[in-house]
Amino acid sequence: MSQSTSAMGNEKIKSSRRKFLKSAATLAGATIGYSWLKSSQVLLFAAEPKDESLPWYGIVIDIEKCIGCGSCAKACKKENDVPIEPFFFRTWIEQYTVKNDGSVNIVSPNGGIDGFEQTVPDEDIFKSFFVPKMCNHCSKSPCIQVCPVGATYDSPEGVVLIDEKYCIGCRYCVQACPYGCRFIHPVKKVANKCTLCYHRLKKNLTPACMEVCPTGARMYGNLRDKNSELVKFLKEHTTQVLRPNLNTGAKLYYNALSSEVR
Amino acid sequence: MKLYIPPQLTRLALAFAIFISLFLVLRHFLVPDTFGQYGHYRGASLIDNAQPEIHYAGQQACFECHQDIQDLKAQDVHSEIHCETCHGPGQKHVLSGESSDILKPTGREFCGLCHAMNAAKQKNAVFQVDLKKHNIGKNCIECHNPHQPWEMKK
């Protein structure tokens with residue numbers, strides 16, 4: 001009596017297990033089949049098509065024109081809702097003062113937003129100049145290479161952007177950027193940086209820093225268009241990128257860049 | 001002759017098949033739809049990045065109403081300076097039309113951001129004033145019209 005009931009129980013278990021395995025296999029097969037049909041690139045995302053019809057943005061900063069007024073840094077914070085704490089900047093200005101004894105004095109109080117004062121007396125100054133800094137929008141950028149989740153990328157227009165929904169806030173990119181252009185947003189807890197005002201570019205507006213620059217020291221343009229203002233400027237001036245030895249493919253060119261700039 | 005496959009190999013193969021399909025199934029649900037559309041990132045993120053509201057309206061938006069200032073500005077050295085450099089972000093003002101939504105900065109410190117003397121400024125880049133000597137105690141706009149700085153007020 002007891003034997004027959006246990007045998008029946010086994011039979012039941014076996015049949016329900018078989019049923020479960022069958023339906024699980026069907027479900028898995030269907031999912032795999034569907035994802036395969038949806039796109040043929042289920043496993044590999046190596047190819048990065050570059051759309052030739054889109055602009056390929058580059059930036060020029062003319063050090064000779066910069067007067068260190070801080071309009072760019074202020075406008076950037078307002079346009080992009082960058083936290084007001086003095087150590088978060090998407091763009092900022094540094095004042096370099098090379099003294100007669102060869103030492104270099106570099107200051108950037110509040111990123112230059114409140115203006116600069118020359119603390120070195122005139123007779124000690126060998127030369128002095130302002131260097132606005134921002135994301136170099138590198139075409140071989142270290143920050144993209146170290147991102148473990150694919151949350152930062154080079155857009156088809158050559159703008160290095162962050163996917164805020166995908167970023168896990170691991171800070172690898174902050175450490176990888178040789179120009180110190182990234183920070184962790186204190187509220188969103190994800191990486192943040194200059195987007196070349198991507199939201200403005202898409203509305204045919206100039207980036208906020210370039211909109212407000214009173215001397216026109218900042219310029220952006222299409223590197224693919226050989227007749228653009230930017231390419232003309234690059235042809236006619238001696239320009240250099242920061243840290244060319246690192247081979248980051250930086251697309252931010254400085255005019256009249258001194259060797260003291262780091 | 002029939003090829004002999006040891007049962008442990010069959011089981012191993014089965015285990016592999018299960019794990020690989022499990023991986024592919026999980027992957028299907030975990031990888032976002034647009035990932036890989038343009039490269040190794042979520043394609044929809046491009047749209048997300050284009051979404052934020054603008055705060056700076058751009059000079060053309062200002063000139064649509066303030067034609068008079070455009071004409072005034074065009075005659076003097078501040079012609080190349082866009083309105084929002086001094087007046088701050090203007091999109092809110094463009095939408096509301098309220099004059100309280102735009103900045104009207106005054107004071108020596110504000111003008112000094114550009115015009116204060118500093119060895120780091122190129123001589124020809126901007127007209128520089130020694131704020132410690134130039135008409136101390138007076139506000140810049142008492143003599144200069146910011147839109148037309150060299151038309152002195154009497």
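Everything quoted here is computed from the prediction, not taken from an experiment.

**Q** Can you help me understand the pattern of salt bridges in this one?
**A** If the charged atoms of two oppositely charged side chains come close together, the side chains can form a pair. Scanning all chains against the criterion turns up 10 salt bridges over all chains. Between Lys-127 of chain A and Glu-260 of chain A there is a salt bridge; the shortest N-O distance is 3.8 Å. Residue Lys-127 of chain A is located in strand E4 (residues 125–134), and its partner Glu-260 of chain A is located in the segment after strand E11 (252–255); the two are separated by 133 residues in the primary sequence. Counted as one network, the salt bridges with shared partners bring together Asp-163 and Lys-165 of chain A together with Arg-42 and Asp-48 of chain B.

**Q** Looking at this model, I keep getting lost on the interface of chain B and chain A. Mind explaining?
**A** How big an interface is tends to be stated in terms of the accessible area lost upon association of its parts. Each partner contributes to the interface: chain B provides 45 residues, whereas chain A provides 60 residues. Here chain B packs against chain A, burying approximately 4,300 Å² in sum over the two surfaces, 60% of which is carbon and sulfur. When residues of chain B are sorted by the area they lose upon contact with chain A, Asn-49, Tyr-56 and Leu-113 of chain B head the list and together hold 14% of the total. Linking chain B with chain A are two salt bridges. One salt bridge in this structure joins Arg-42 of chain B and Asp-163 of chain A, with 2.7 Å as the shortest N-O distance. When contributions to the side of chain B that touches chain A are tallied by element, the ones reaching two or more residues are helix H1 (7–30), helix H2 (44–50), helix H5 (83–87) and helix H7 (108–115) of chain B. A total of six residues in the side of chain B that touches chain A trace back to one element, the largest contributor, which is H1 of chain B. The residue inventory of the side of chain B that touches chain A, partitioned by class, reads 23 nonpolar, 15 polar and seven charged.

**Q** Mind showing me how you'd approach the domain arrangement of chain B here?
**A** Residue and element names in this part refer to chain B. Partitioning chain B into domains gives domain 1 (53–104) and domain 2 (106–154). Relative placement of domain 1 and domain 2: their C-alpha centres are 21 Å apart. Residue-level contacts link 11 residues of domain 1 with 10 residues of domain 2. Carbon and sulfur atoms make up 55% of the surface buried where domain 1 meets domain 2, a total of about 850 Å² over both sides.

**Q** Sorry if this is basic, but what is going on with helix H2 (residues 71–80) of chain A here?
**A** An α-helical turn contains 3.6 residues, so a residue and the one three or four places further along point in the same direction. Burial analysis of H2 of chain A places eight of its 10 residues in the buried class, the great majority of the element. Within H2 of chain A the residues assigned to the buried category are Ser-71, Cys-72, Ala-73, Ala-75, Cys-76, Lys-77, Glu-79 and Asn-80 of chain A. At its buried positions, H2 of chain A is contacted by strand E2 (91–99), helix H5 (198–201), helix H6 (208–212) and strand E9 (218–222) of chain A together with H5 of chain B. Positioned one or two residues after H2 of chain A, Asp-81 of chain A has a phi angle of 50°, which is positive.

Criteria and cut-off values
Residues numbered from 1 in each chain as written. Chains lettered and ligands numbered in written order. Predicted model: local features only at pLDDT ≥ 70, side-chain atom pairs only at ≥ 80, totals over all residues. Heavy atoms only, no water. Salt bridge = Lys/Arg side-chain N within 4 Å of Asp/Glu carboxyl O. Helix = DSSP H or I, 4+ residues; strand = E, 2+ residues; numbered from the N terminus. Contact = heavy atoms within 4.5 Å. Buried area = accessible area lost by both parts, 1.4 Å probe. Nonpolar A, V, L, I, M, F, W, Y, C, P; charged D, E, K, R; others polar. Domains from an automatic or database assignment. Buried < 20%, exposed > 50% of the residue type's maximum accessible area, 1.4 Å probe, protein only.

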